[in-house]
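# Architecture at a glance
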Amino acid sequence: MSGPRKVAMPGQVWGLAAPGVTGPLFVTGYDGHNQSTTVLTAVDPDGTVLWRRAFDGHPEVPRVSVGGTVWIAHAGAGGHTLSEVDAAGAVLRSITPEHAPDEHLGAFVLLPDGICVAWLPAAPRRVVPPGRSPRVARYDENGACHWSTPAGLDQFAHPGGVATRADDDGRARPVKPWTPRTIEASHWQPLLVSGNRIAATFADGGSGIAVTSFLDTATGQVVATTRPGPLTHKAIVGPGEFLVGSQGYGAFSTARYDQSGAVTDQWQSHTMALVDRDGHIRGPESENVMPSRSRFRGLGPGGTLRDGPALSGYYTTYPALDHDGTAIFWRDGRLLAVDADFELHELSAVDDDRAVMSRILLLDQGKVVFALKDELLVFSDTGLGPLDTGVWPCGEGNLRGNPVVHR
């Protein structure tokens, strides 16, 4: 296959999504070095820029509706605002969900009848005011609040220490207790919705220690909360069921939670998981260790692991899975494919060591798109089939970048 077509963006890319396999792509990012302006760009799958629009505020990931419009979060006259933009770049409407002046929008997703928002008690890296907590709220299509549920800061407490670290001998040692001064939405998959359950993850801004709360979608009632830990990549794995990964401070594992919030399976591996239409789980491991010890792994029943090829490097796009069981991802300057037999194939290599800034999208006729810093890379003729129809065949669960499953 030929090398990629590179498409320049106005600044560092923050997220990309598409209404379907034929596009267009919606890309959010900075306006050059200006971190207080969001640029929304529409791009044809071949790489042609269709239009751009600028909004006030730090970029967030775009969410595409079932109808093909794109929603973005930005700064508005009344505070944090969500705007719906059509395929031609026109703003159809804007809503400002009710929130306190010092609250910060941490994440949002589109529901069939409205939106769900994770609110932070202060902006990232800002000290949390006394008595304030993060919360999750559900709104209707006009921004009216159905329910709002606080996530108390006491949920970050952990008897005898909140985490562990691995000493030189490899043994885990307790870290002394702490009280979080800043709260952030989880960097990876902060808000997931599957049927009657919502998984919302909030993290301490200093240590990265996080908790995930499972809420009832209809009422907002907290069903269960995970123990504090270095929670990282997550995924929807079934109706009301989630995978929650832990990585760092000596942890390297993934747990499966059911609708009651109970752990039903656990693996000694942490992956960027893909879930195919038969419920099988696989993906490249993600670990903050260099040189790499990661492999492509399959997570089987009863905590069993299937070993795949070793992986060099570190920065990795969240992969995508085609209908034939082949996973595609970018890592260590190479476009890699791992087939259903766990055999690795190098599709392309590019002399480019920039950090990955996006997930990977698998579009029509095997076209693959992802971002490195301020460029989109578009690969054609990969030989890949269509995107798998499973519950989590790519990052954010679908091309639309909206991690919501109705069933």
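Structural data are supplied above this passage.
The rules we used
- Per-chain numbering applies: the sequence of each chain, read as written, is numbered from 1 onward.
- Restriction of local features to residues with pLDDT of at least 70 applies here, the model being predicted, together with a cutoff of 80 or more for giving and counting side-chain atom pairs; totals for whole chains, interfaces and linings are based on all residues.
- Only heavy atoms go into the side-chain values, all of them from the structure, while hydrogens and water stay out.
- Comment: elements are numbered from the N terminus, with helices defined as DSSP H or I runs of at least four residues and strands as E runs of at least two.
- We compute the radius of gyration over the C-alpha atoms and compare it with the globule rule, which gives 2.2 Å times the number of residues raised to the power 0.38.
- Burial classes follow relative accessibility: with a 1.4 Å probe on protein chains only, a residue under 20% of its type's maximum area counts as buried, one over 50% as exposed, and anything between as partly exposed.
- In this description, contact between two residues means that some pair of their heavy atoms is separated by no more than 4.5 Å.
- Residues forming no salt bridge and having over 30% relative accessible area are the ones grouped into patches, like charges within 9 Å of each other and nonpolar side chains (Val, Leu, Ile, Met, Phe, Trp, Tyr) within 5 Å.
- Method for areas: the Shrake-Rupley scheme with a 1.4 Å probe, in which residue coverage is limited to the protein chains shown.
- Salt bridge criterion: a side-chain nitrogen from Lys or Arg within 4 Å of a carboxyl oxygen from Asp or Glu.

Regarding its fold elements, the protein presents 0 helices and 36 strands. Taking 407 residues into account, the globule formula puts the C-alpha radius of gyration at 22 Å, and the protein, at 20 Å, falls close to it. Here the protein holds 407 residues, and the buried ones make up 57% of them. Considering only contacts in the protein between residues 6 or more positions apart, those separated by 24 or more positions represent 46%.

Here we take up a nonpolar patch on the surface. A contiguous nonpolar patch, built from Met290, Tyr314 and Tyr315 and spanning about 340 Å² of accessible area, is present on the exposed surface. Considering the arrangement of structural elements, one finds Met290 in the loop between strand 26 (281–284) and strand 27 (295–299). Since its relative accessible area comes to 58%, Met290 is described here as exposed.

Below, the discussion takes up unusual backbone geometry. Peptide bonds are trans in most cases, and residues, glycine excluded, mostly fall at negative phi. In this structure, the amide linkage connecting Gly23 to the following residue, Pro24, adopts the cis form with an omega of 0°. With respect to the element layout, Pro24 can be found in the loop between strand 2 (13–17) and strand 3 (25–31). With an omega dihedral of 0°, the bond running from Met290 to Pro291 counts as a cis peptide bond. Within the secondary structure, Pro291 sits in the loop between strand 26 and strand 27. Of note in this structure, Tyr249 is not a glycine but carries a positive phi near 55°. Looking at Tyr249, the relative accessible area reads 32%, which means it is partly exposed.

For the rest of this paragraph, the subject is the pattern of salt bridges. This structure, assessed with the given rule, holds 15 salt bridges. Across the salt bridge formed by Lys367 and Asp46, the nearest N and O atoms sit 2.5 Å from each other. Of this pair, Lys367 sits in the loop between strand 33 (361–362) and strand 34 (368–372) while Asp46 is found in the loop between strand 4 (34–43) and strand 5 (49–56), placing the two residues 321 residues apart along the sequence. When its relative accessible area of 13% is taken as the criterion, Lys367 is described as buried. Asp46 gets classed as partly exposed once you look at its relative accessible area, which sits at 44%. A salt bridge links Arg297 to Glu285, with the nearest nitrogen and oxygen atoms 2.8 Å apart. Of this pair, Arg297 sits in strand 27 while Glu285 sits in the loop between strand 26 and strand 27, and the two are 12 residues apart along the sequence. Neither residue differs from the other here; Arg297 and Glu285 are each classed as buried. Where salt bridges share partners, they join Asp102, Glu103, Arg132 and Arg135 into one cluster.

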